[in-house]
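# A structural walkthrough
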Amino acid sequence: MKKIHTLSIVLLLGVSLVSCDQIKNKASKNVNLTTDKAKRSYAIGMQVGRTLKSQKVDLDVDIIAAAISDMLAGKEAKMTEAQIRETMMAMREDQRKKMEEEKVKNAKAGSEFLEKNKAKEGVVTTKSGLQYKHITEGTGASPKETDKVKVHYKGTLIDGTEFDSSYKRKQPAEFNVNRVIKGWTEGLQLMKVGGKSMFYIPAELAYGAVPRPQIPANSVLVFEVELLDILDEQKKPKTK
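Below, the structure is looked at part by part. (Residues numbered from 1 in each chain as written. Predicted model: local features only at pLDDT ≥ 70, side-chain atom pairs only at ≥ 80, totals over all residues. Heavy atoms only, no water.)

### Considerations on the overall build of the protein chain
Scanning the protein chain from terminus to terminus reveals seven helices and seven strands. Its helices and strands taken in sequence order, the protein chain reads α-α-α-α-α-β-β-β-β-α-β-α-β-β from the N to the C terminus. When each of the 240 residues of the protein chain is scored for burial, the buried share is 33%. Residue pairs at least 24 apart in sequence account for 72% of intrachain contacts in the protein chain once pairs closer than 6 positions are excluded. Of the roughly 16200 Å² of accessible surface on the protein chain, 54% is carried by carbon and sulfur atoms. (Helix = DSSP H or I, 4+ residues; strand = E, 2+ residues; numbered from the N terminus. Buried < 20%, exposed > 50% of the residue type's maximum accessible area, 1.4 Å probe, protein only. Contact = heavy atoms within 4.5 Å. Areas by Shrake-Rupley, 256 points an atom, 1.4 Å probe, with all protein chains shown as cover.)

### Examining the packing of aromatic side chains
For the structure shown, the criterion picks out seven aromatic pairs. Ring centres of phenylalanine 163 and phenylalanine 223 lie 5.7 Å apart, and the angle between their planes is 90°; on these two criteria the pair is classed as edge-to-face. One end of the pair, phenylalanine 163, is in strand E4 (residues 162–165); the other, phenylalanine 223, is in strand E7 (residues 221–230), and 60 residues separate them in sequence. Judged by its relative accessible area of 13%, phenylalanine 163 is buried. By relative accessible area, phenylalanine 223 is classed as buried at 6%. These aromatic residues form a ring-pair network of at least three members: Tyr153, Phe163, Phe175, Trp184, Phe199 and Phe223. (Phe/Tyr/Trp six-rings, centres within 6.5 Å; stacked < 30°, edge-to-face > 60°.)

### Remarks on the environment of glutamate 162
On the secondary structure map, glutamate 162 appears in strand E4. Taking the relative accessible area as the measure of exposure, glutamate 162 reaches 28% and is therefore partly exposed. C-alpha separation for the pair glutamate 162 and phenylalanine 223, spaced 61 residues apart in sequence, amounts to 9.7 Å. Setting aside chain neighbours within four positions, we find glutamate 162 in contact with Lys154, Gly155, Thr156, Lys168 and Gln214. Here the side chain of glutamate 162 touches lysine 168 through a polar contact of 3.2 Å, side chain to side chain. (Polar contact = N/O pair within 3.5 Å; in protein donor to acceptor, adjacent residues only side chain to side chain.)

### Examining the pattern of salt bridges
Counting across every chain of the model gives 10 salt bridges. The salt bridge involving arginine 96 is made with glutamate 93; its shortest N-O contact spans 2.8 Å. Here glutamate 93 and arginine 96 lie together in helix H5 (residues 81–117), a separation of three residues that amounts to about one turn. On the accessibility criterion, arginine 96 (44% relative accessible area) is partly exposed. When its relative accessible area of 33% is taken as the criterion, glutamate 93 is described as partly exposed. (Salt bridge = Lys/Arg side-chain N within 4 Å of Asp/Glu carboxyl O.)

So far we have only geometry, and geometry alone does not tell us how the molecule works.
Structure (structure tokens):
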């Protein structure tokens, strides 16, 4: 059996949205990235830091740094390979249990949210379970599943946590209607160019039980969407 590099183990751990308080609150010292060595060091540190930030595990950042320092200096390890394997297996099992608990909690919270939301004024629930609300009715055409569109959007969880926004990037997104999550594919076809709508997307029409960066498993997603244009329409010859 091949040995797995310690950094690879860290980077391959499952992701969630709860960060380690010690890492989150750790003050960053001033760094000067003028040399290749400095850049390499910071790049690796960023990768490890991003992954550790997403873990549901209680870690001591100072001990992590001490272990890295010991290994780079060639010092004798304070844990045996057997102890490392045992510790990592126990941590993964703890992660698995917590993720399962989170899936159940999120599914319940999402179901309760959608049940209350469907009774709000202007909210329509489709056969698939998608909920939408037109904020501004567009006056243009509605896209088909095979069209490419240009949109501005903001995505949040049901607690208001924002996980994505084309507005913040100051750049509209362009994509094929049938190349996004099911809730978007359905919702976009209910809009007209120039319109703005809210999509309330059940987990089964989004990412389901698979967690994504900044999106926990079984999350209901809320999107504010502006349909700016149907790009394929520009390629069609104008009728006289």
